[in-house]
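Inside the fold
Listed below are the residues making up each chain.
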Amino acid sequence: MTTGFLLRSWWFRAMCAAVSGRTVVRCRATQEEEDEVTEQAEQFETVIVGGGQAGLSAAYHLKRRGRPCVILDANERIGDSWRKRWSSLRLYSPARYDGLPGMPFPARRHAFPTGNEMADYLESYALRFELPVRAGVAVDGLSKEGERYLVTAGERRFEADHVVVATGVFRSPVIPSFATELDPSVRQLHSNDYRSPAQLQEGPVLVVGAAHSGADIAFEVAGEHRTLLSGTDTGQIPFRVDGRLAPVIWPVMRFVATRVLTVGTPIGRKARAKIRAHGGPLLRIKAADLAAVGVERVVAKTVGVQDGMPMFDDGQVAEVANVIWCTGFRNDFSWIQLPVVGEDGYPEQDRGVVAASPGLYFLGLLFLHSFSSMLILGAGRDAERVAKHISSRSNGRPAAQELHSTRTLKGEVHRT
Ligand SMILES: Cc1cc2nc3c(=O)[nH]c(=O)nc-3n(C[C@H](O)[C@H](O)[C@H](O)COP(=O)(O)OP(=O)(O)OC[C@H]3O[C@@H](n4cnc5c(N)ncnc54)[C@H](O)[C@@H]3O)c2cc1C
């Protein structure tokens, strides 16, 4: 990464412009409940689909306003999105920016939690605020019946005035179609399924896709394998997330991510297009770290297969035994039977509010409103706006009980 590149990068310019581990929550529906599948839909004011940081923040803000809701989540445990990521994952954001509204992350401000610690934090967050989560409910349909929304999960039916879709952006792994032409002896996996180097076979590794996940994974596997990293350069933030100056720079980063890089600024709109197409800049593991562990950086893209081996766009072929596709994810809103998703695969929304379908909301999208929308530190702000909107639509109806604000709340996540 040259200084020249840094000066040209949108990230750098934006920076300048700005100058528990407590009880495991298991609230899966009981067998009895599952057996009791009736054709009658359960009635709710708001259904939140997805109980990650975005969905939990929405429930928190709704509860704070006395508005009832239910969260439906496909996973068995709150936080499983984080548990299913690679074992060595350490957050790039420090603990001071890893808390959700109302509950700081329980660690030193400048410590970097592991993925599992983040998962446990989300679990304890739901417990503490008694958020009404139903785990193990995979939503497969969303349509409208008159003025109300109908949410389905297999035989189960839920009706609501409002639906908040907070299913996360890292859902449907993308693997190029030519991957099927690779020699069967090549071990292939997507970053979504990568846990540790133990999954790989002996021999060189090609990591395809050089954004955040690709860089992290290449860095790890380079300890045991000759490793090539191919893909477009997505840039990198111009400081170390855990360096000496980090405590000073992080607040500036936060400001940039929430206030400067938004859909309301030209630089924000440019960054949004770039990030949605190629992924964000390198954060924790950067070019110098990769070089230090011997990762061979191939700036060419992997575009096809020749004689069973991956081929780059400069015609070179990589003789490798393993390929890890860090080629991103696509949104999957195919279960939404409403005309709200644009040709680019993203819902048409403004700060999460879908004008074309009143009562429908999205949270946690890549660059929903700002760079911070997909970060932990941005989840609360977007969720609060959506909760406010829902509350204003619900005016006049009786409110649910106030948010339980005690810091030491024990017990299970509420089941409605
Ligand atoms: C490898 C990696 C590292 C990251 N590190 C950081 C970091 O250090 N700091 C930071 O701020 N951000 C980080 N992020 C970005 C972001 O914070 C996470 O991706 C976060 O998990 C997004 O939260 P979410 O609530 O939007 O989605 P998710 O955490 O993905 O949660 C979505 C939930 O929706 C549920 N769901 C999905 N579909 C359905 C359905 N049809 N029915 C019912 N439930 C459904 C899922 O089960 C899941 O629980 C990282 C992302 C990745 C991929």
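Residues numbered from 1 in each chain as written. Predicted model: local features only at pLDDT ≥ 70, side-chain atom pairs only at ≥ 80, totals over all residues.

Next up on the list: unusual backbone geometry. A negative phi holds for most residues other than glycine; trans holds for most peptide bonds. Residue Glu130 is not a glycine yet carries a positive backbone phi of 50°. Note that Glu130 resides in the loop between α6 (115-128) and β3 (133-135). Taking the number of C-beta atoms within 10 Å as the measure of exposure, Glu130 has 18 and is therefore partly exposed. The backbone of Arg351 sits at a positive phi, close to 50°, despite the residue not being glycine. (Helix = DSSP H or I, 4+ residues; strand = E, 2+ residues; numbered from the N terminus. Buried ≥ 20, exposed ≤ 12 C-beta atoms within 10 Å, placed from the backbone.)

Looking now at the site of the ligand. Near the ligand lie 30 residues; those nearest to it are Gly50, Gly52, Leu91, Gly168 and Gly364. For the shell around the ligand, the secondary-structure elements that each account for two or more residues are α4 (53-64), β2 (70-73) and α11 (376-394). The biggest single contributor to the shell around the ligand is α4, with 3 residues. In the shell around the ligand, the residues fall into 16 nonpolar, 12 polar and 2 charged. (Near = placed C-beta within 6 Å. Nonpolar A, V, L, I, M, F, W, Y, C, P; charged D, E, K, R; others polar.)

Attention now moves to the pairing of strand β4 (residues 141-145). Relative to strand β5 (residues 148-153), β4 runs antiparallel, the two sharing 5 bridges. Bridging across to β5, Leu142 finds its partner in Val151. (Pairing = 2+ DSSP bridges.)

Close contact between α4 and α11 brings their axes to 8 Å; oriented N to C, the two are set at 45°. Between α4 and α11, the angle falls in the class oblique. Relative to α11, the crossing made by α4 is right-handed. Where α4 abuts α11, its residues Gln53, Ala54, Ser57, Ala58, His61 and Leu62 lie against Ile376, Ala379, Gly380, Ala383, Glu384, Val386, Ala387 and Ile390. Per-class residue counts for the contact of α4 with α11 are 9 nonpolar, 4 polar and 1 charged. (Axes fitted to C-alpha atoms, helices over the stretch in contact; angles between N-to-C directions. Parallel < 35°, antiparallel > 145°, perpendicular 65-115°, else oblique. Left-handed = near helix turned anticlockwise from the far one by under 90°. Contact = placed C-beta atoms within 7 Å.)

Attention now goes to the sheet that holds strand β8 (residues 187-190). A sheet is described by the order of its strands in space; here 5 strands give the open sequence β8-β14-β9-β10-β11, paired in parallel fashion. The open sheet is flanked by β8 and β11 (296-298), the only strands paired with a single partner. When strand polarity is set aside, the average angle formed by the axes of neighbouring strands in this sheet is 20°. Inspection of the sheet shows strand β9 (residues 205-208) paired to strand β10 (residues 227-230) by 4 bridges, in the parallel sense. By the bridge assignment for β10, Val205 is matched with Thr227.

Turning next to helix α8 (residues 246-260). Helical geometry: 3.6 residues make up each α-helical turn, so side chains three or four residues apart lie on a common side. Taken together, the buried positions of α8 are occupied by Met253, Val256, Ala257 and Val260. Taken down its axis, α8 places every buried residue within 120° of arc, on the same side. Facing away from the buried surface of α8 by more than 90 degrees, the exposed residues are Pro247, Val248 and Pro251. (Arc of directions from axis to C-beta.)

This next bit is on the nonpolar core. With 68 residues, the main nonpolar core has Val47, Ala58, Val163 and Leu363 as its most contacted residues. Excluding its chain neighbours within four sequence positions, the residues that come into contact with Leu363 are Ala54, Ala58, Val164, Ala166, Gly352, Leu368, Asp382, Ala383 and Val386. In this structure, Ala211, Ala222, Val323 and Ile324 belong to the second largest nonpolar core, which totals 27 residues. (Core = buried A, V, L, I, M, F, W, Y, C linked by C-beta atoms within 7 Å.)

What follows concerns helix α7 (residues 212-221). Counted residue by residue, α7 has 10 buried out of 10 residues, so it is predominantly covered. Those residues of α7 hidden inside the fold are in contact with β9, β10, α10 (287-292) and β14 (322-325).

So, about the pairing of β10. Neither face of β10 is exposed, since Thr227 and Leu229 on one face and Leu228 and Ser230 on the opposite face are all buried. Handedness of the β-α-β unit built from β9, α7 and β10 comes out right-handed. In the sheet, β10 pairs with β11 via 3 bridges, with the strands oriented parallel. Across the sheet, the residue bridging to Leu228 is Glu296, located in β11. (Right-handed = clockwise from strand over helix to strand, strands pointing away.)

Next up on the list: the environment of Asp307. Its place among the elements puts Asp307 in the loop between β12 (302-306) and β13 (309-312). Residue classification places Asp307 among the exposed residues on the basis of 9 C-beta atoms within 10 Å. Between the C-alpha atom of Asp307 and that of Glu319, which follows or precedes it by 12 residues, the distance is 9.9 Å.

Predicted coordinates in regions of low pLDDT should not be interpreted in detail. The predicted model of the protein has a mean per-residue pLDDT of 88, with 86% of residues at 70 or higher. Note on residues 1-8: pLDDT under 50 across the span, and 7 contacts to partners over four residues away in sequence or across chains. Scored below 50 in pLDDT, residues 401-416 shows 28 contacts in the model against residues more than four places distant or in partner chains. (pLDDT = per-residue confidence, 0-100.)

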